[in-house]
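Examining the three-dimensional arrangement
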Amino acid sequence: MSTMPTIPTAAKARLDIADIRAAADAIGDAVVRTPTMHSKTLSAITGADIWLKFENQQFTAAYKERGALNALLHLPAEQRAKGVIAASAGNHSQGLSYHGTRLGVPVTIVMPRTTPTVKVMQTESVGGKVVLEGETFDEAYAYARAMERQLGLTFIHPFDDPLVAAGQGTVALEMFADAPDLDTIVVPIGGGGLISGMGTVARSLGSGVEVVGVQAALFPSMFSHIKGQDLPCGGDTLAEGIAVKEPGHFTRQIIRDVVDDIVLVEEPHLEEAVSLLLQIEKTVVEGAGAAGLAAVLAHKTRFRGKKVGLVLCGGNIDTRLLANVLLRDLARSGRLARLQITLQDRPGALFKVMHLFNRHNVNILEIYHQRIFTNLPAKGLITDIECEARDREQLEALISDLRAQGYSVSQVELN
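Fair warning: this is a prediction, and the values are worked out from it, not measured in the lab.

Analysis parameters
Residues numbered from 1 in each chain as written. Predicted model: local features only at pLDDT ≥ 70, side-chain atom pairs only at ≥ 80, totals over all residues. Heavy atoms only, no water. Helix = DSSP H or I, 4+ residues; strand = E, 2+ residues; numbered from the N terminus. Buried < 20%, exposed > 50% of the residue type's maximum accessible area, 1.4 Å probe, protein only. Areas by Shrake-Rupley, 256 points an atom, 1.4 Å probe, with all protein chains shown as cover. Lys, Arg positive; Asp, Glu negative; His and termini not counted. Charge placed at Lys NZ, Arg CZ, Asp CG, Glu CD. Core = buried A, V, L, I, M, F, W, Y, C linked by side-chain atoms within 4.5 Å. Contact = heavy atoms within 4.5 Å. Salt bridge = Lys/Arg side-chain N within 4 Å of Asp/Glu carboxyl O. Pairing = 2+ DSSP bridges. Axes fitted to C-alpha atoms, helices over the stretch in contact; angles between N-to-C directions. Phe/Tyr/Trp six-rings, centres within 6.5 Å; stacked < 30°, edge-to-face > 60°. pLDDT = per-residue confidence, 0-100. Parallel < 35°, antiparallel > 145°, perpendicular 65-115°, else oblique. Left-handed = near helix turned anticlockwise from the far one by under 90°. Expected span 1.5 Å × (residues − 1).

1. Focus on the overall build of the chain
Helices and strands together make up the secondary structure of the chain, namely 17 helices and 14 strands. For the chain, the C-alpha atoms occupy an extent of roughly 80 × 50 × 40 Å along the three principal directions. For the chain, buried positions account for 52% of its 415 residues. Approximately 18,600 Å² of the chain is accessible, and the part contributed by carbon and sulfur atoms is 53%. Charge centroids of the chain, computed over 40 positive and 46 negative side chains, lie 3 Å from each other.

2. Some remarks on the nonpolar core
Phe176, Ile185 and Met198 are the most contacted members of the largest nonpolar core, which has 36 residues in total. Those elements that place two or more of their residues in this core are α1 (17-27), α8 (162-178), β7 (184-188), α9 (193-205), α10 (221-227) and α11 (249-258). Tallying contributions element by element places α8 first for this core, with six residues. Apart from residues lying up to four places away in sequence, Met198 is in contact with Gln168, Gly169, Val171, Ala172, Met175, Ile185, Val187 and Val311.

3. Notes on the pattern of salt bridges
Across all of its chains, the model carries 22 salt bridges by this definition. A salt bridge links Arg338 to Glu386, with the nearest nitrogen and oxygen atoms 2.7 Å apart. Taken together, the residues Arg338 in strand β11 (residues 336-344) and Glu386 in strand β13 (residues 380-388) connect sequence positions 48 residues apart. Among the residues examined, Arg338 registers a relative accessible area of 28% and is labelled partly exposed. Glu386 sits in the partly exposed class, given a relative accessible area of 22%. Asp401 serves as the salt-bridge partner of Arg359, at 2.9 Å between the closest nitrogen and oxygen.

4. Looking at the sheet that holds strand β4 (residues 107-111)
One open sheet accounts for four strands, arranged β5-β4-β3-β6; its pairing is parallel. Edge positions in the open sheet fall to β5 (129-132) and β6 (154-155), since each of these has one partner strand only. This element, helix α5 (residues 91-103), spans β3 (84-87) and β4 of the sheet and lies at about 165 degrees to β4. The strands that helix α7 (residues 137-151) touches are β3, β4, β5 and β6; relative to β3, the one it contacts most, it runs at about 165 degrees.

5. A few points about the side chain of Glu210
Mapped onto the elements of the fold, Glu210 is located in strand β8 (residues 210-216). Contacts of Glu210, omitting those with residues within four sequence positions, involve Asp183, Thr184, Ile185, Asp260, Arg302 and Lys306.

6. Here's the deal with the sheet that holds β7
The six strands lie next to each other as β1-β2-β10-β7-β8-β9, forming an open sheet whose pairing is mixed. Strands with a single pairing partner mark the edges of an open sheet, and in this sheet they are β1 (36-39) and β9 (261-265). Put simply, the sheet's adjacent strands are angled 30 degrees from each other on average, direction ignored. Across five bridges, the pairing between β7 and β8 is parallel. Note that in β8 the partner of Pro188 across the bridge is Val214. Against the sheet, α8 makes contact with β1, β2 (49-53), β7 and β10 (307-311), and its axis sits at roughly 145 degrees relative to β10, the strand it touches most.

7. Describing the packing of aromatic side chains
For the structure on display, the rule yields two aromatic pairs. When the ring of Tyr141 is compared with that of Phe155, the centres are 5.5 Å apart and the planes differ by 85 degrees; the resulting orientation is edge-to-face. Remark: Phe155 occurs in strand β6 and Tyr141 occurs in helix α7; sequence separation between them is 14 residues.

8. Things to note about the confidence of the model for the chain
With 95% of its residues at a pLDDT of 70 or more, the chain has an overall mean of 92. Residue range residues 1-10 is modelled with pLDDT below 50. Its contacts to residues more than four positions away, or to other chains, number 20 contacts.

9. Remarks on the packing of helix α12 (residues 267-281) against helix α13 (residues 291-298)
Two numbers describe how α12 lies on α13: the axes approach to 8 Å, and their chain directions differ by 115 degrees. Classified by the interaxial angle, the pair formed by α12 and α13 is roughly perpendicular. Once α12 is placed against α13, the crossing between them reads as right-handed. For the pair α12 and α13, the contacting residues are His269, Leu270, Glu272, Ala273, Leu276 and Leu277 in the first and Ala291, Leu293, Ala294, Leu297 and Ala298 in the second.

10. What to know about α5
Three- or four-residue spacings in an α-helix give side chains the same orientation, since the helix completes a turn every 3.6 residues. Its 13 residues give α5 an end-to-end C-alpha distance of 18 Å, which sits within 8% of 18 Å, the value for a rise of 1.5 Å per residue. Contacts made by the buried residues of α5 are with α3 (64-73), β3, β4 and α6 (117-125). One or two positions beyond α5, positive phi appears at Gly104, with a value near 80 degrees.

Following this line, the structure appears as structure tokens:
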């Protein structure tokens, strides 16, 4: 049973296994039946028995197709002809646009003017009509609801809708079919649609499967609501797909009934999870999609020895951002570093330092001299050297040798 407090509500929300099975029948093979696979290496790293559900293999690279399609399929013919509308700058916009176009339903997506061009192009490429309005998501949402009323369109919410949540729950039907002995599922929470559906399936099994939600520490909206806390909510998170300030009203009621706990993860663990999934599983996952693994990495003792199912719920990450994440992870592991070394400004000074790098077989990537903006005497300079080592031990040996030769060395650290 859930350990979360029950808060009385005026109208009790309902979502049951029959709704999710009906969604699975309706959706059929219109979405990819993604694999659930065991990861030996991640299991060894985390101490848990890790099983991964690869929802990043959907056509639009995210599970959001499921809920959007289920909602579309329940529209009467008259509403289909008029069209649907949504406010989204993420995976919901692509899933709704793709399946709406496939079914002949006109789809309008309202996005804030600040939305990156690549997201606009991705949505338009699968058939959606994009309207840019407002500086924030709240302004775009208000405009979409106004268009809904003025044009007679049907608004399809990205998470706060029973049909959408039922569609998302089909992820769990497939996961438990492939891995029926799971002890625990760890599911990202933004607005709560995915975990509402998956948690409902887990509860229907009657086998005591623990349902754990995970949110980015910068956006603990559902965590705060369920736990009765008032944590700050906002900031630049890698997991922008779950960066929701206001959780769903429908989903928060379902979550109280079907979710056992919610944990928070900091940005370094999200970055580590994205990097590990690419290096080990050879799969590209966005920050929100890696949140489940980030939770297991951040709370290893809690999940140790358990058979854990994780949903890689999306793979839409900007390539430049992905490159930054990978390089930052190399820096944290000691394979990339920037060393600040104080030198005398005279011929041969840098050559002597290069000799030590060569002795330790550490590769130099970039060298920066700083003569002007320093607090050193006029004949002194600071040299920043970006370098690549085999591992942290090799790097530490170089630093020790430099200091033994009388050099002042410091390392630029990441947060």
